[in-house]
Amino acid sequence: MSRADLTTAVADGVPGAPRRALWTFGILRSELTTTLRRGRTLVLLGVLAAVPVLVGVAVRIETGDGSSAGPDGPHGPAFLAQVAGNGLFLVFAALSATLPVFLPMAVGVVAGDSVAGEAGGGTLRYLLVAPAGRARLLLAKYAAVLAFCLVATLVVAVSALAVGALLFPVGEVTTISGTRIGLGEGLLRAGLIAVAVAVSLTGFAALGLFVSTLTNSGIAAMAATVGVLITVQILDTMPQLDAIHPYLFPHYWLSFADLLRDPLYWDGIVSDLGLQAVYVAVFGSAAWARFTAKDITA
Amino acid sequence: MASNDSAETTGDATGTVVGRRRAARYIVPVAVAGVAAATIGLVPALADSGDPELPKITAQQLVAKIAASDQQQISGTVKISTDLGIPSLGGLAGSFAPGGGGSGSTSSADPEAKLMELASGTHTLRVAADGPDRQRLSILGEGSEYSVVHNGNDVWAYDSGSNEVYHARSEEAGGKAGKHTAPEGMPATPAELAEEALAAAGDTTSVTVDGTAQVAGRDAYQLLIKPKQSGSTIGSVRIAVDASTGVPLKFTLAPSSGGKAAVDAAFTKVDFAKPDASSFSFTPPKGAEVTEAGELEAEAGKQGSADRAPQDLGALEDFKGLDVIGEGWNAVAEIKIPGGAGLPAEGSGEMPAQAQQFLDALGDKVTGDFGSGTVFSTRLVNALMTDDGRVYVGAVTKDALVKAADTAK
């Protein structure tokens, strides 16, 4: 009971935020443009676009002259063996190569910088002058980070698709279950996978946003966010910590491959989405608690 | 001074109130995390809606139901967890198996090698069957899948991780290809596991119906099989049988030493409708490496010393010397190694020193009326190798094994 009372008290205590939809929209639009047009963001996207090119060229060189396809011994990223036979698999190979490190690192940089960077640069208080309220500003910031998640994933996927189509034959897709689907359905699944990967990053993005509200130094926030990413990734590989693995945000990331099974297998994806939703709720509300109560001095 | 003091006091007071309000906001994330944790903890408990009410049935009726079951069409997802107490066989098999070191002559899509991986750890399988001619079994890996497809005369195996294909015609595969996909001692579906367990029944076994359960959303009877004798490492075998179709849905083998089940295979989803015909068709994808069954055997024959071990073992069985001591669950197989040599002695040159050390580390030295020897134990199967060259193997405890060796002497 007392908890419910407190929550109401907190809700009532929020300084009356003027509800001006126009302002919110304006803030969202300005956040999107500043985030996506920043030089740093463009460089990050450029690096992400280069990964499929590298992978594609490497596979092409290896399989181009010799007749044998596929590397011997331990496998690299998933789907790499199929790339030479079907260019569409470069999309899946590139996504599974970038998902563990590159993609979340880029998201961590953008999310970590979102609030702390403005605070460090002394521009945050000017943003707060707009009569939209802190909660809405934070929401707009998060929306911009989410947009970056989607754009970054699509950049990898589209670049991989272009390189794959250019260097390798593209045709009917053999699912990893061994059945065949048409190219149209293959492209559809590739799109679905890109969306699934982007959504997988939302939990980490919320975590980055929370870290970003803790400090006034953009660099510190980025470093901390990426540090958390690497630590959690290491924890996720330790078999001794089996019990906590299902609660770590990257644990189900590679479940996007389940979309390439036939018939589709949803269990992993559903676990992933549920876990991301929990992370978004916990760290999103923590970021809100911190940001709306913070003294903005710069 | 006085005015300053009062100003400070009021400042402090407002500061505390604001501070308290600020702190209160953190209740939201904490509450969200708490609710999430509670939900994760509670959902399985809530989903377990209790045991279904089913008409009473005797063990005999239930076994008959299983035997009479003629479900030709089935598809579903099976989760299989094995803990035999063998150190991760997947890795071991990779490093010890002939040619596993990457000489490139074996195909990773070879079914027998792949199915050995199921002997340890937890795996998710998908099965589908449509009559005796068309079956499919897939092992879902992270980002990859291994499928065995049987359609008419063809058996295809596809490893998506390495993009390799294994192909056998059923004339070569030796009659029923369904048997081929599951090597002896490695039953893959609950149905096969159940059959094996029932075959072992006799006077030595108690078979009872132990209530009902819900498996994969279906009502099921539970068949409980227990050894009547003591000394077996097998504590109990529990099979959940679908009440309407008689198809075994869950198989649990608990060791007598307690703890986690040694084998636990259960459908998590099951569907008795006709599976899609496309799931049984397979064409090797472009760029995939295809190994024909015949080639693989020829390659294996060419391989050098590493392959001699299995051949030697085969030769052993051809010799005399396989006796069975005891009966039922406590049966112990006695194998006499020709030549009377036990474990190669140290420095005899027959075995590298490291391998000798490795073997010593794995086993326990025991002595008894039979002499002395080494016991190698897993959670289910124990083996005693005596110094004078006899081997006793059985699903019995170490003590029972020593006793068997003593009586044989």
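The structure under discussion appears in the preceding block.
Residues numbered from 1 in each chain as written. Chains lettered and ligands numbered in written order. Predicted model: local features only at pLDDT ≥ 70, side-chain atom pairs only at ≥ 80, totals over all residues. Heavy atoms only, no water.

Draft legend 1. Local environment of the side chain of Q82 of chain A. As for its placement among the helices and strands, Q82 of chain A is situated in helix α4 (residues 80-83). Under the relative-accessibility criterion, Q82 of chain A is labelled buried at 4%. (Helix = DSSP H or I, 4+ residues; strand = E, 2+ residues; numbered from the N terminus. Buried < 20%, exposed > 50% of the residue type's maximum accessible area, 1.4 Å probe, protein only.)

Draft legend 2. Geometry of the interface of chain B and chain A. With 39 residues of chain B in contact, the opposing surface of chain A contributes 40 residues. Roughly 3300 Å² is buried in total at the junction of chain B and chain A, and carbon and sulfur atoms are behind 58% of that figure. Summed over the shared surface of chain B and chain A, the number is two salt bridges. The salt bridge partner of D267 of chain A is K269 of chain B, with a shortest N-O separation of 3.0 Å. Taken together, chain B and chain A are joined by 12 residue pairs in polar contact (both at pLDDT 80 or more). Elements that contribute at least two residues to the side of chain B that touches chain A include exactly α1 (2-25), α2 (27-47), β2 (121-130), β3 (134-141) and β4 (144-151) of chain B. Here the side of chain B that touches chain A gets eight residues from one element, more than from any other, and that element is α2 of chain B. Residue classes in the side of chain B that touches chain A are distributed as 15 nonpolar, 15 polar and nine charged. (Contact = heavy atoms within 4.5 Å. Buried area = accessible area lost by both parts, 1.4 Å probe. Salt bridge = Lys/Arg side-chain N within 4 Å of Asp/Glu carboxyl O. Polar contact = N/O pair within 3.5 Å; in protein donor to acceptor, adjacent residues only side chain to side chain. Nonpolar A, V, L, I, M, F, W, Y, C, P; charged D, E, K, R; others polar.)

Draft legend 3. How the structure looks around the side chain of S159 of chain A. Residues and elements named next belong to chain A. Looking at the secondary structure, you find S159 in helix α8 (residues 134-167). Here S159 falls in the buried class, since its relative accessible area comes to 13%. The contacts of S159, once residues within four sequence positions are left out, are A49, P52, V53 and L154.

Draft legend 4. Just the sheet that holds strand β14 (residues 332-336) of chain B, in detail. All names here are of chain B. Read across the sheet, six strands follow the order β13-β14-β18-β17-β16-β15 without closing on themselves; strand pairing throughout is antiparallel. Pairing within the sheet leaves two strands with one partner each, and these edge strands are β13 (322-325) and β15 (364-368). Ignoring which end each strand starts from, the neighbouring axes of this sheet average 25° apart. Here strand β17 (residues 382-386) pairs with strand β18 (residues 390-394) via four bridges, running antiparallel. Across the sheet, the residue bridging to A383 is V393, located in β18. (Pairing = 2+ DSSP bridges. Axes fitted to C-alpha atoms, helices over the stretch in contact; angles between N-to-C directions.)

Draft legend 5. Region of the structure containing the sheet that holds strand β5 (residues 154-159) of chain B. All names here are of chain B. Here we have 12 strands laid out as an open sheet, ordered β7-β8-β9-β10-β11-β1-β2-β3-β4-β5-β6-β12, and mixed in their pairing. Of all the strands in the sheet, the pair left with one neighbour each is β7 (205-215) and β12 (289-292). Sheet twist, expressed as the average angle between the axes of neighbouring strands with direction ignored, equals 15°. Here strand β10 (residues 248-255) runs beside strand β11 (residues 263-271); their pairing, made up of four bridges, is antiparallel. From the neighbouring strand, F251 faces β11, where its bridge partner is A265. Those strands touched by helix α3 (residues 59-68) are β7, β8 (218-227), β9 (234-242) and β10, and its axis lies near 115° from that of β8.

Draft legend 6. Main features of helix α9 (residues 183-200) of chain A. With 18 residues, α9 of chain A extends 25 Å from end C-alpha to end C-alpha; this agrees with the ideal 26 Å at 1.5 Å per step. Those residues of α9 of chain A that fall on the buried side of the exposure criterion are G186, R189, A190, I193, A194, A196, V197, A198 and S200 of chain A. (Expected span 1.5 Å × (residues − 1).)

Draft legend 7. Just the pattern of salt bridges, in detail. Summed over the entire model, instances satisfying the criterion amount to 19 salt bridges over all chains. With a closest N to O distance of 2.7 Å, K141 of chain A and E118 of chain A form a salt bridge. With K141 of chain A in helix α8 and E118 of chain A in helix α6 (residues 102-121), this pair connects stretches of sequence that are 23 residues apart. E118 of chain A gets classed as buried once you look at its relative accessible area, which sits at 13%. The partner of R169 of chain B in a salt bridge is D154 of chain B, with the nearest N and O atoms 2.9 Å apart. Note that R169 of chain B is positioned in strand β6 (residues 164-169) and D154 of chain B in strand β5, a separation of 15 residues in sequence.

Draft legend 8. Inspection of the nonpolar core at higher detail. Within the largest apolar cluster, 75 residues are counted, with the highest numbers of intra-cluster contacts made by F79, F92 and L103 of chain A. Ignoring anything within four residues of it in the chain, the contact list for F79 of chain A reads F89, F92, A93, S96, I176, F256, A257 and L260 of chain A together with G143 of chain B. Of all hydrophobic cores here, the second largest spans 26 residues; its members include L115, V127, L137 and Y166 of chain B. (Core = buried A, V, L, I, M, F, W, Y, C linked by side-chain atoms within 4.5 Å.)

Draft legend 9. The packing of aromatic side chains, seen in detail. Residue and element names in this part refer to chain A. Taken as a whole and judged by the stated rule, the model has 10 aromatic pairs over all chains. With a centroid separation of 5.9 Å and an interplanar angle of 65°, the aromatic rings of F79 and F92 are classed as edge-to-face. Taken together, the residues span a long stretch of sequence, with F79 in the loop between α3 (39-65) and α4 and F92 in helix α5 (residues 89-98) at a distance of 13 residues. Each member of the pair, F79 as well as F92, carries the same accessibility label: buried. Within the aromatic cluster, the residues linked to one another by ring pairs are F204, F210, F249, W253, Y279 and F283. (Phe/Tyr/Trp six-rings, centres within 6.5 Å; stacked < 30°, edge-to-face > 60°.)

Draft legend 10. Representation of the pairing of strand β16 (residues 371-377) of chain B in the model. All names here are of chain B. The sheet contact formed by β15 and β16 spans five bridges and is antiparallel. Following the sheet pairing, V366 is matched in β16 by G373. What sits between the antiparallel neighbours β15 and β16 is a turn of two residues. As defined by bridge partners, β16 adjoins β17 across five bridges and the pair is classed as antiparallel. Residue pairing for β17: S377 is matched across the bridge by N382.

Scope: geometric values only; no functional claims are made or implied.
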